[in-house]
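Chains, contacts and geometry: an overview
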Amino acid sequence: DGGITQSPKYLFRKEGQNVTLSCEQNLNHDAMYWYRQDPGQGLRLIYYSQIVNDFQKGDIAEGYSVSREKKESFPLTVTSAQKNPTAFYLCASRNRELGTQYFGPGTRLTVL
Amino acid sequence: GQQVMQIPQYQHVQEGEDFTTYCNSSTTLSNIQWYKQRPGGHPVFLIQLVKSGEVKKQKRLTFQFGEAKKNSSLHITATQTTDVGTYFCAGNTGGFKTIFGAGTRLFVKA
């Protein structure tokens with residue numbers, strides 16, 4: 001919730017273009033996550049990062065890439081290799097002690 | 001792999017009726033969390049259950065964690081239109097990955 005920002009809220013891109021989604025948190029959380037949500041569906045894990053300079057593939061990593069150069073930032077790039085990129089993308093960070101996740105407001109990506 | 005199944009997928013209720021959503025894991029969980037996502041919004045953390053058989057209440061919401069720590073439920077008493085949204089359960093097995101259920105979408109008719 002509060003403390004995690006994603007930008008932009010809505011994003012339109014042409015097919016074949018790479019696009020980078022921003023995620024920033026000021027909660028001092030070590031772990032960060034990217035999820036994809038399709039209409040009426042649940043959350044599917046794309047990538048996650050436990051610490052700076054380290055990240056792991058989730059369940060649907062193909063066509064996506066991430067970096068974690070700073071603790072506060074975990075940008076997601078949707079590449080042209082992602083066959084159906086139009087979706088709602090949610091970033092989250094995790095409180096280590098409690099194990100709970102805090103989500104950003106999300107970015108709705110539409111590829112035309 | 002580990003799965004968390006959630007039922008029902010949808011539930012339509014009349015305002016004032018009760019509502020329950022159920023969550024079942026294929027493996028034993030270290031804890032389970034519940035989130036609510038309002039239409040057009042993002043998931044918001046509601047509660048976490050850790051102990052076997054644990055029951056927690058938040059006003060009209062009652063959360064239960066099964067004795068075997070493989071299932072959980074969320075019960076809402078006397079639903080209101082403000083309860084509309086999708087309720088997700090999410091299970092942890094001790095690592096960094098949280099497995100989300102597909103969610104139950106609640107519709108409340110005034």
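**Notes on the overall build of chain A**
A tally of regular secondary structure across chain A gives zero helices and eleven strands. Order of helices (α) and strands (β) in chain A, N terminus to C terminus: β-β-β-β-β-β-β-β-β-β-β. Along the first, second and third principal axes, the C-alpha atoms of chain A reach 40 × 25 × 20 Å. Scored against the burial criterion, the 112 residues of chain A give a buried share of 48%. When contacts within chain A are restricted to residue pairs at least 6 apart in sequence, long-range pairs at least 24 apart make up 51% of them. Of the roughly 5,500 Å² that chain A leaves accessible, carbon and sulfur atoms contribute 47%.

**Quick notes on the interface of chain B and chain A**
For an interface, size is often stated in terms of accessible area lost upon the parts coming together. If you look at the interface, chain B gives 19 residues, while chain A gives 23 residues. Across the chain B/chain A interface, buried area totals approximately 1,800 Å², and carbon plus sulfur atoms make up 53% of it. For the chain B face of the interface with chain A, the top three residues by lost area are His42, Phe96 and Lys97 of chain B, together amounting to 36%. Remark: the boundary between chain B and chain A carries one salt bridge.

**Some remarks on the sheet that holds strand β1 (residues 4-7) of chain B**
All names here are of chain B. If you trace the five strands from one edge of the open sheet to the other, you get β1-β3-β8-β7-β6, paired in antiparallel fashion. The sheet terminates laterally at β1 and β6 (55-58), the two strands that pair on one side only. Neighbour to neighbour, the strand axes of the sheet diverge by 15° on average, direction disregarded. As defined by bridge partners, β6 adjoins strand β7 (residues 61-65) across four bridges and the pair is classed as antiparallel.

So, how was this worked out
- Residues numbered from 1 in each chain as written.
- Chains lettered and ligands numbered in written order.
- Predicted model: local features only at pLDDT ≥ 70, side-chain atom pairs only at ≥ 80, totals over all residues.
- Heavy atoms only, no water.
- Helix = DSSP H or I, 4+ residues; strand = E, 2+ residues; numbered from the N terminus.
- Buried < 20%, exposed > 50% of the residue type's maximum accessible area, 1.4 Å probe, protein only.
- Contact = heavy atoms within 4.5 Å.
- Areas by Shrake-Rupley, 256 points an atom, 1.4 Å probe, with all protein chains shown as cover.
- Buried area = accessible area lost by both parts, 1.4 Å probe.
- Salt bridge = Lys/Arg side-chain N within 4 Å of Asp/Glu carboxyl O.
- Pairing = 2+ DSSP bridges.
- Axes fitted to C-alpha atoms, helices over the stretch in contact; angles between N-to-C directions.

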